[in-house]
Amino acid sequence: MMSDLEQFRAETRAWLEANCPPEMREPVRTEKDSVWGGRDQSAMTPAQKQWMDRMGERGWTVPDWPKEYGGGGLSAAETKVLREEMAALRCRNPLSSFGISMLGPALLKYGNEAQKKEHLPKIARGEIRWCQGYSEPNAGSDLASLATKAEDKGDHFLVNGQKVWTSYADNADWIFCLVRTDPTNKHNGISFVLFDMRTPGVSTKPILLISGYSPFCETFFDNVKVPKENLVGELNKGWDVAKYLLGHEREMISGMGLGGGGKNPLIEGARKTIGLDAEGRLADPLLRAQIALFEVRAKAFAAQSERFIDELKAGKAHPAQPSMMKYYGTELNKSRHELMMAAGGSDELEWESEASDGGREARAWLRTKANSIEGGTSEVQLNIIAKRILNLPGA
Amino acid sequence: MPLFLNDEQSMLRDTAKDFVGEKAPVSHMRKLRDDKDATGFSRDLWKQFAEMGFTGILVGEDHGGLGLGHVEAGVVLEEIGRNLSPSPFLSTAVAAVEALKGTGHAERWYPGILKGETVAALAIDEGAKHRSSVGLKAERAGNGFRLSGRKQFVTHGHVADLLIVAARTAGAADDEAGVTLFAVPQGAAKMSVTPERLADSSLAARIEFDGVEVDADAVIGEVDAGRDPLGRLLRAGRTGAAAEMLGVGAGAMDMTVNYLKERKQFGTLIGSFQALQHRAAHLYSEMEVARAAVLKAQQLLDAGDDSTGSGGADAAVSVAKAMTGMATMLSVQEGVQMHGGIGMTDEYDIGFYMKRQRVLAEMFGDANFHADRLAQLAGY
Ligand SMILES: Cc1cc2nc3c(=O)[nH]c(=O)nc-3n(C[C@H](O)[C@H](O)[C@H](O)COP(=O)(O)OP(=O)(O)OC[C@H]3O[C@@H](n4cnc5c(N)ncnc54)[C@H](O)[C@@H]3O)c2cc1C
């Protein structure tokens, strides 16, 4: 007799085999290979759309959310089985988005029924793409000093101010945004609101990154009317929502430390440029040693990620543990790309050539430098670990 | 299976914590050291380990043991590590029990181990660094074998009732095949055992085999197929050493974090200095990652995974040993540094953690050995 879970595993594998298009089992190589959803789906390939829609229909883009909000309603154990089977078949993630990894969990905890019913299913099916309006020119690590103000105008708030580093603001449909509703109270004067990026008065201006891409923007609000029903949680209590969401953001960013399944591009790359000696070892012994010691950490961190998710689902994780995950995962990812650049040598320095796929690795390497800045810097994560996990004084 | 301790395992941890913390705290080790105890551990305590059922954790129920796994053995080892308790638990109840599993020797040696009477030692290493080669010769002689060569770093070798010896019955030292594992009882003729005290005050023997004669039935498993039981021994030993080391690292980290909350300089607690906070938080992160690596290896071994590829249990064991080696080394180094001058004194315990970590890090291969091994498994 198969246990229920074994039964579920067998069914899941069969369904994935039947439904995951072959193109969606190839490794993710560029940004274009990730699917973000949204109103405008014209940039998606047919296979991407098919895979997102099929998974979305079953609620498996967000397997552990309740069914009534578009999720799969799976238990922690079933969710783990689904992830394991997806990894075994090398299925790509059908949909990644700030809606899934950040806003969704916050709405599930702090949203009212109408907000959950309105927004969650659209996130699950990839219909609406969200961006995050937290940082401002003068509120970075010290986020709670934010100044974008929202005035109470009876049935709506009037929002004025500026956000910065807003990732994908120019491609996003809606924004979740921190605004100041009480200028006399730092932490208890912040509210968490949602609004459509097409609302009159919203404008974005892309910023060019050192990687040569412009994935983020300055975002301006000029007399933007936000309906009162779009306030999440209580007025002036937005900081609680913001912090809860940050925990989920950090969890997501920490996943970058994992590198992904399939062939290891670091080892493959080194083999190609450096070659193996007669004993089958990488011919550059010092780089080989660095890679080998890095791989120990990478594999150990993969175990830690599994442990962290298991603990989280069982309610056993320390609430500040995402800070540790974010810190370790992003520092690890930066090391990985430094080694990839070292392994690639001058081949990987080409910025535009066909051979370098338009400087793919060089740009990816530069992009990773933001990992330990976005979502709260490494130093801020260490402050949080020191204060909340180790209970060190006056941190 | 979720990657955390289940309820029974957590209960065992609480039991082990109380038991080891009460019977063999660091002061117990300090006293054995100050007394220059010739055994190096307390036989009385070993009996009590047996009474608690600990020595039977990895022994199957058909042999009267508890039939539990590496996770449970690791739970006990971590407490041994945290208290720096000298004990033959790792060599005997973990590595030897696994090596003998499923062989004719289980019948003979398990009862004594279950009673806390038998102590086993592992004669594997031949040079100062752990390697996979085996050079000690075992030649056929009469109805058995004659062993010649030398071993070192044989923890408890001077008092062991049973020595598990890796020997070469065919081929050359670096060959994979042609290794045979032998069970050699204490007091065999033409064997000279010299105990040496190590930096952590534990005792490990150098052993000379000058034509030591053993019967054919001393062979563990099959002749020339010793990599099999040796593989079990090493997987268990490495995972166990990693678990014990995790306890050492955690113990040192706890001491250090507590000290940061007590010691005042410049009119304030030193734990309020961000330079130290960040180092402590970084250390915490490394230790968490190491803990996950150890649990992963234990669970894979318990699930019966004996795959030797780069994604299987064997690789996970090397990840665990290497990662724990690195993380706990950081822990003891930061521990001494953040204690300032007092951390350098013999009277204070933190230095003991540094010494024990160094010994466990070296045992069954250090972080470099295992990183190299992983690279080989992954084909680079
Ligand atoms: C690629 C990328 C994408 C981003 N996407 C978004 C987004 O979508 N939405 C959004 O709202 N924001 C986004 N951000 C902004 C990001 O959250 C901020 O950049 C980050 O919080 C740091 O703030 P800051 O840039 O003002 O740096 P600062 O806070 O000025 O930090 C400068 C330096 O000082 C250090 N420092 C600051 N305070 C302390 C302290 N207390 N202790 C020790 N060191 C300290 C920092 O660690 C850093 O090294 C993104 C950033 C990047 C790089």
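Residues numbered from 1 in each chain as written. Chains lettered and ligands numbered in written order. Predicted model: local features only at pLDDT ≥ 70, side-chain atom pairs only at ≥ 80, totals over all residues. Heavy atoms only, no water.

Quick word on the environment of glutamate 362 of chain B
For glutamate 362 of chain B, the location among the structural elements is in helix 10 (residues 350-362). Excluding anything up to four places from it in sequence, glutamate 362 of chain B contacts Ala128, Lys129, Phe153 and Lys321 of chain B. (Helix = DSSP H or I, 4+ residues; strand = E, 2+ residues; numbered from the N terminus. Contact = heavy atoms within 4.5 Å.)

Some thoughts on helix 9 (residues 321-344) of chain A
Residues and elements named next belong to chain A. If you check helix 9, its first and last C-alpha atoms are 34 Å apart, about what 24 residues at 1.5 Å a residue would give, namely 34 Å. When you tally the buried positions in helix 9, you get 20 out of 24 residues, the bulk of the element. Immediately beyond the C-terminal end of helix 9, within one or two residues, lies glycine 345, with a positive phi of roughly 60°. (Expected span 1.5 Å × (residues − 1). Buried < 20%, exposed > 50% of the residue type's maximum accessible area, 1.4 Å probe, protein only.)

Comments concerning the confidence of the model for chain B
Across chain B, the average pLDDT comes to 97, with 100% of residues at or above 70. With pTM at 0.95, the complex prediction returns an ipTM value of 0.97. (pLDDT = per-residue confidence, 0-100.)

Examining the packing of helix 7 (residues 265-274) of chain A against helix 8 (residues 285-313) of chain A
Helix-helix packing is characterised by the crossing angle of the two axes and by the distance between the axes. Residue and element names in this part refer to chain A. Close contact between helix 7 and helix 8 brings their axes to 11 Å; oriented N to C, the two are set at 170°. Here helix 7 is positioned roughly antiparallel relative to helix 8, judged by the angle of their axes. Taken together, the residues of helix 8 that come into contact with helix 7 (itself represented by Leu266, Ile267, Ala270 and Ile274) are Leu287, Ile291, Phe294 and Glu295. Here the contact of helix 7 with helix 8 is built from residues that sort into 7 nonpolar, no polar and 1 charged. (Axes fitted to C-alpha atoms, helices over the stretch in contact; angles between N-to-C directions. Parallel < 35°, antiparallel > 145°, perpendicular 65-115°, else oblique. Nonpolar A, V, L, I, M, F, W, Y, C, P; charged D, E, K, R; others polar.)

Comments concerning the packing of aromatic side chains
Per the stated rule, a full pass over the model turns up 21 aromatic pairs over all chains. The interplanar angle of 65° and the centroid separation of 6.3 Å between the aromatic rings of phenylalanine 8 of chain A and tryptophan 60 of chain A together place this pair among those described as edge-to-face. On the criterion of sequence distance, the pair formed by phenylalanine 8 of chain A in helix 1 (residues 4-19) and tryptophan 60 of chain A in the loop between helix 2 (46-58) and helix 3 (76-88) is long-range, its members being 52 residues apart. By relative accessible area, tryptophan 60 of chain A is classed as buried at 6%. Judged by centre distance (5.6 Å) and plane angle (80°), the ring pair of phenylalanine 19 of chain B and phenylalanine 54 of chain B falls under edge-to-face. (Phe/Tyr/Trp six-rings, centres within 6.5 Å; stacked < 30°, edge-to-face > 60°.)

A look at the site of the ligand
All names here are of chain A. Of all residues adjacent to the ligand, which total 18 residues, the nearest are Ser135, Ser141, Trp165, Thr377 and Glu379. In this structure, serine 135 approaches the ligand through a main-chain N or O atom, which is 2.6 Å from an oxygen atom. At a separation of 2.9 Å, a nitrogen atom of the ligand approaches a polar backbone atom of tryptophan 165. Sorting the residues of the shell around the ligand by element identifies strand 3 (156-167) and helix 11 (378-389) as the ones contributing at least two each. For the shell around the ligand, the element with the highest residue contribution is strand 3, accounting for 3 residues. Considering only residue class, the shell around the ligand consists of 5 nonpolar, 10 polar and 3 charged. (Near = heavy atom within 4 Å. Polar contact = N/O pair within 3.5 Å; in protein donor to acceptor, adjacent residues only side chain to side chain.)

Focus on the packing of helix 6 (residues 238-254) of chain A against helix 9 of chain A
All names here are of chain A. It is at 8 Å that the axes of helix 6 and helix 9 come closest, and there the two elements cross at 30°. The orientation of helix 6 with respect to helix 9, classified from their angle, is roughly parallel. Two packed elements cross with a definite hand, and for helix 6 against helix 9 that hand is left-handed. Residues Gly247, Arg250, Glu251, Ile253 and Ser254 of helix 6 touch helix 9, and the partners they reach there are Pro322, Ser323, Met325, Lys326, Gly329 and Thr330. (Left-handed = near helix turned anticlockwise from the far one by under 90°.)

Side note on the pattern of salt bridges
If you walk through the whole model with that rule in mind, you get 53 salt bridges over all chains. The partner of glutamate 286 of chain B in a salt bridge is arginine 297 of chain A, with the nearest N and O atoms 2.6 Å apart. One end of the pair, glutamate 286 of chain B, is in helix 8 (residues 274-302); the other, arginine 297 of chain A, is in helix 8, on a second chain. On the accessibility criterion, arginine 297 of chain A (23% relative accessible area) is partly exposed. Glutamate 306 of chain A is paired through a salt bridge with lysine 296 of chain B; the nearest N and O atoms lie 2.8 Å apart. Of this pair, glutamate 306 of chain A sits in helix 8 while lysine 296 of chain B sits in helix 8, which puts the two residues in different chains. Taking the relative accessible area as the measure of exposure, glutamate 306 of chain A reaches 21% and is therefore partly exposed. (Salt bridge = Lys/Arg side-chain N within 4 Å of Asp/Glu carboxyl O.)

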